[in-house]
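Structural characterization, general
Each chain is listed here by its residues.
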Amino acid sequence: MTLSTTTQLELHRMMMLIRLFEEALEEMFSRGLLHGTMHLSIGQEATAAGACLALQKDDLITSTHRGHGHCLAKGAEPYKMFAELLGREDGYCRGRGGSMHIADLSNGNLGANGIVAGSLTISVGAALSFQMQKKDNIILCFFGDGAVNEGSFHEALNLASLWSLPVLFLCENNQYMMLKLFMKTYLILRIKFYRLGAQNLLKQLHIDIEDTQNLIETYTEQVMKLSIGKKKKTL
Ligand SMILES: Cc1ncc(C[n+]2csc(CCOP(=O)(O)OP(=O)(O)O)c2C)c(N)n1
Ligand SMILES: [Mg+2]
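Residues numbered from 1 in each chain as written. Chains lettered and ligands numbered in written order. Predicted model: local features only at pLDDT ≥ 70, side-chain atom pairs only at ≥ 80, totals over all residues.

**As for the site of ligand 1**
Near ligand 1 you find 13 residues, and of these Val116, Gly144, Gly146, Met177 and Met178 are the closest. For the shell around ligand 1, the per-class residue count stands at six nonpolar, five polar and two charged. (Near = placed C-beta within 6 Å. Nonpolar A, V, L, I, M, F, W, Y, C, P; charged D, E, K, R; others polar.)

This is the structure we're talking about:
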C-alpha cells in the first residue's frame with residue numbers, strides 16, 4: 001500500500017502538532033503553571049499518529065499516563081487540552097482531571113489513566129460491549145512495556161483472545177518503565193506475548209517506530225480484519 005500525499009502530509013502535521021504541543025507543555029510546566037504532574041511522549045509521536053490514522057471516528061481508544069499524543073491523534077482540540085492542564089473549567093474534564101485523566105468521548109477517546117495496565121482491562125470491557133451490541137467498531141488499546149508485569153495485562157489478553165474481542169493491543173515499547181530499564185525486570189529482550197502466557201489465538205507483530213509507513217499499513221490491515229471488512233478506509 002502506498003500512502004497518498006495527502007495522508008503523508010496529514011501524518012506529518014499530526015506528529016508536528018504532538019511535538020509542539022508537548023514542547024509548549026514542558027515550558028509551561030517548568031514555569032510552574034501546571035497543576036499536578038505530566039509525562040511527555042516526545043519521540044513516540046509516530047505511534048499515536050500512525051495508529052489512530054487507521055481508525056474511524058467512532059472506533060475507541062484507551063490511553064496511558066503518557067497520553068497527550070494519543071488524545072491529539074484521536075481528534076482532541078489542543079485548546080481544551082491546554083485548558084484541562086491549566087485547571088480551567090473549559091478543559092476536557094472541567095480542569096479536574098489534568099494530564100493523566102483527559103478523556104474525550106466525542107472523539108472516541110475513553111481516556112488517559114495513571115494506572116499502569118489500566119488501559120487493557122478498560123479496552124476489554126469496551127470491546128465486549130461492542131461485541132454484545134453487534135457493532136463493527138474496534139478498540140485500540142495503547143499500553144507501555146511496563147504493563148506486561150501487571151496481572152491485569154494477562155487477564156485482559158486472555159479474555160480478549162478467548163472471546164475474540166475486537167481489540168487491538170498496541171505496546172509502546174520504549175524499553176523503560178519510566179526510569180527502570182525493562183531488561184532489568186524481565187528475563188527477555190523482546191516482549192513476546194506467547195512467552196508471557198497469553199498465547200491464545202493472539203497474533204503479534206513488531207513494528208519499528210521509525211518505519212511510519214509500515215506502522216500505518218500494518219495497523220490499517222489489522223483494523224480492517226477486526227472490523228470484519230464492513231468498514232473501508234482509504235488512506
Ligand atoms: C498499577 C501501578 N503500579 C505502579 C505505578 C507507578 N508507575 C507509574 S509509570 C510506571 C512505569 C510505566 O512504564 P511503561 O508502562 O513502560 O510506560 P512508560 O513510562 O515507559 O511510557 C510505574 C511503575 C502505577 N502508576 N500504577
Ligand atoms: Mg516503557
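Having seen it, we continue.
**A word on the sheet that holds strand β1 (residues 60-62)**
Strand pairing within a sheet occurs via backbone hydrogen bonds; the two strands may be parallel or antiparallel. Strands sit in the order β1-β2-β3 across an open sheet of three strands; the sheet is parallel. The sheet is open, and its two borders are formed by β1 and β3 (167-172), each paired with just one other strand. Across the sheet, the mean angle from the axis of one strand to that of its neighbour is 20 degrees, orientation sign disregarded. Relative to β3, strand β2 (residues 139-144) is paired through six bridges, and the arrangement is parallel. Looking across to β3, one finds that Cys141 is bridged to Phe169. (Pairing = 2+ DSSP bridges. Helix = DSSP H or I, 4+ residues; strand = E, 2+ residues; numbered from the N terminus. Axes fitted to C-alpha atoms, helices over the stretch in contact; angles between N-to-C directions.)

**Some thoughts on the pairing of β2**
Of all six residues in β2, six are buried, a share of seventy percent or more. Alternating residues of β2 divide into Ile139, Cys141 and Phe143 and Leu140, Phe142 and Gly144, and every residue in both groups is buried. Bridge count between β1 and β2: three bridges; the pairing is parallel. Looking at the pairing, Thr62 lines up with Cys141 of β2. Note on the crossover from β2 through helix α6 (residues 151-162) to β3: the handedness is right-handed. (Buried ≥ 20, exposed ≤ 12 C-beta atoms within 10 Å, placed from the backbone. Right-handed = clockwise from strand over helix to strand, strands pointing away.)

**Section: helix α4 (residues 78-85)**
Within α4, burial applies to Met81, Glu84 and Leu85. Here the buried residues of α4 occupy an arc of 95 degrees about the axis, which is enough to place them on one side. At the exit of α4 stands Gly87, carrying a positive phi of roughly 75 degrees. (Arc of directions from axis to C-beta.)

**Things to note about unusual backbone geometry**
Its identity is not glycine, yet Gln175 carries a phi of approximately 75 degrees, on the positive side. With respect to the helices and strands, Gln175 occurs in the loop between β3 and β4 (176-177). Positive phi, normally seen in glycine, also occurs at Met178, with a value near 65 degrees. Take Met178: it is sitting in the loop between β4 and β5 (180-181).

**Observations regarding the packing of helix α1 (residues 5-30) against helix α2 (residues 45-53)**
In contact at an axis separation of 9 Å, α1 and α2 are set at 135 degrees when each is read in the N-to-C sense. It follows from the interaxial angle that α1 and α2 lie oblique. Considering how the two elements wind past one another, α1 and α2 form a crossing that is right-handed. In contact with Leu11, Met14, Met15, Ile18 and Arg19 of α1, α2 contributes Glu45, Ala46, Ala48, Ala49, Gly50 and Leu53. Here the contact of α1 with α2 is composed, by residue class, of eight nonpolar, one polar and two charged. (Parallel < 35°, antiparallel > 145°, perpendicular 65-115°, else oblique. Left-handed = near helix turned anticlockwise from the far one by under 90°. Contact = placed C-beta atoms within 7 Å.)

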